Amino acid sequence: MFRLNSIRLNHSKNTAEIKTVPLPAPSYVKIPMAMHMGAPCTPLVKKGDRVLAGQKIGDSDAFFSAPVHASVSGTVKEISDYRLMNGTVCKAVEIEADEEQKTCEFTPPEITDRESFVKAVRESGICGLGGAGFPTHVKLSPKGEIDTLIINAAECEPFITSDYRQMMENPEDVLGGIRMIMKYLSVPKAILAIEGNKPEAISEFTKLTANEPEITVFRLPSTYPQGAEKVIIHSTTGRVVMEGQLPSDQKVIVMNVSTAAFIHRYAETGIPLISRRITVEGSAVGKPMNITAPIGTMVSEILKFTETDTEHMNKLIAGGPMMGACLFSADTPVVKTSNSFIAEKDYREPVQSACIRCGRCVRACSMNLMPLEIEKAFRRKDISALQSLKTGLCMNCGACTYVCPANRKLAETNQLAKALLPKKK
Ligand code: SF4
Ligand code: SF4
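Residues numbered from 1 in each chain as written. Chains lettered and ligands numbered in written order. Predicted model: local features only at pLDDT ≥ 70, side-chain atom pairs only at ≥ 80, totals over all residues.

Draft legend 1. Up close: the domain arrangement of the protein chain. Domain annotation of the protein chain identifies domain 1 (27-102), domain 2 (114-269), domain 3 (274-348) and domain 4 (360-420). Just the C-alpha atoms count here: the centres of domain 3 and domain 4 sit 28 Å apart. (Domains from an automatic or database assignment.)

Shown next, in the form of structure tokens:
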């Protein structure tokens, strides 16, 4: 059994009490065909086509994929190549928006049983909104029996409050999604796991579920990384997902809270995933807030709307400061997994020095890994040592890098080390 190490961070949830603001409709969107894990979609439209908001514009025959929908109405300007963060290239549908902003006729899906539920979830285009982008219908198709649904409402990264605003502004969607998953997948118990730094959400959901003993509101410690899948499973159930196992091997499904809420909203309205709630924060942002933005909106539009000092901005992160990825340009679109953009000014890259073998990185790692040894094995390209060091368990949480007094880029190195490991067949 692994021991749960964790670290304490400044939460800096400065936007927690600000109501979400809708971004004015953009004049142009660029919608990539790969915003989820799994097979990329093929565009279903061509240059010059007229599209309506909500129209399906990309799909794949693969089960491990999720369709893509137009987020605005307008004309397809181009089908272009788009380079993803991992360096691979997919197609993107560029749309010039029109004035009318017409939508498709949305019809709520007919859901009567498990099969029609999973089919509807796939049609909605939803994938994990917590950042991983795992297609939700795949998650809802486990091979074995599931006895517990864990709703991940930890939101343990500093700054990000988009899940919190979801919970406070649309609590009925959250509970509706939980009830639907429990009903159609025959899951007898659900745990809504919220970090202790969100007392109002804990109290609100405790009240709302007072007559539903099958749904428990669980207070997670306010330490990092409580939202990591293996960590939240252990914290809420005591179960351990071993290396190479899936949560379903431990009879649990873990789902992000905004994903669960979206499922309910889609079942009620038939509106597919075409927009996202996003936290915009950081020292360069004039008006930090949560916004809802159509998928495909350029990040530069969002920075303009939030009065960000782009002239002095020298770091732009998609995601949180711990696990997010730096963007080299704001000329990049909002994707399904975008939950936050952090714009910093006066950022200085920390200077690295030699490891002093203090062991802080080991004590910080909730997977009980030895980041300093992984770094050494990576430099030697010693694959057998990387395997013995269980490098595959690293979840890139960044805790080791955060605590290192020598500013070693440990989490980053671990990802490169993981890429050296033989792929599972
Ligand atoms: S925290 Fe940094 S300095 Fe300390 S042992 Fe780990 S790598 Fe070395
Ligand atoms: S990034 Fe990996 S090695 Fe570092 S603390 Fe997180 S899980 Fe452990």
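Draft legend 2. A look at the environment of Pro 142. Within the fold, Pro 142 resides in the loop between helix H2 (136-139) and strand E9 (148-153). A sequence separation of 106 residues divides Pro 142 from Ser 248, and the C-alpha atoms of the two residues are 6.4 Å apart. When near neighbours in sequence (up to four residues on either side) are disregarded, Pro 142 contacts Ser 248 and Ile 253. (Helix = DSSP H or I, 4+ residues; strand = E, 2+ residues; numbered from the N terminus. Contact = placed C-beta atoms within 7 Å.)

Draft legend 3. Summary view of the sheet that holds strand E7 (residues 74-83). Taken in spatial order, the 4 strands make up an open sheet running E2-E8-E7-E4, and their pairing is antiparallel. Taken across any chain shown, the strands that pair with only one partner, and hence form the sheet edges, are strand E2 (28-32) and strand E4 (50-51). As defined by bridge partners, E4 adjoins E7 across 2 bridges and the pair is classed as antiparallel. Residue pairing across strands places Val 51 opposite Gly 74, the latter belonging to E7. (Pairing = 2+ DSSP bridges.)

Draft legend 4. Main features of the site of ligand 1. Neighbouring residues of ligand 1: 15 residues in total, closest Cys 355, Cys 358, Cys 361, Leu 372 and Cys 404. Of all the secondary structure elements, the ones that give two or more residues to the shell around ligand 1 are helix H9 (360-364) and helix H10 (371-380). When its residues are assigned to classes, the shell around ligand 1 shows 11 nonpolar, 1 polar and 3 charged. (Near = placed C-beta within 6 Å. Nonpolar A, V, L, I, M, F, W, Y, C, P; charged D, E, K, R; others polar.)

Draft legend 5. Representation of the packing of helix H4 (residues 171-184) against helix H7 (residues 257-269) within the structure. Viewed as axis vectors pointing N to C, H4 and H7 meet at an angle of 85°, and their least axial separation amounts to 7 Å. Taken together, the axes of H4 and H7 lie roughly perpendicular to each other. In this structure, H4 uses Asp 173, Val 174, Gly 176, Gly 177, Ile 178, Met 180 and Ile 181 to contact H7, whose residues at the interface are Val 257, Ala 260, Ala 261, Ile 263, His 264, Arg 265 and Ala 267. When its residues are assigned to classes, the contact of H4 with H7 shows 9 nonpolar, 3 polar and 2 charged. (Axes fitted to C-alpha atoms, helices over the stretch in contact; angles between N-to-C directions. Parallel < 35°, antiparallel > 145°, perpendicular 65-115°, else oblique.)

Draft legend 6. Highlighting the pairing of strand E10 (residues 189-195). Burial analysis of E10 places 6 of its 7 residues in the buried class, the great majority of the element. Here E9 pairs with E10 via 6 bridges, running parallel. Note that in E10 the partner of Ile 151 across the bridge is Leu 192. Relative to strand E11 (residues 215-220), E10 is paired through 6 bridges, and the arrangement is parallel. (Buried ≥ 20, exposed ≤ 12 C-beta atoms within 10 Å, placed from the backbone.)

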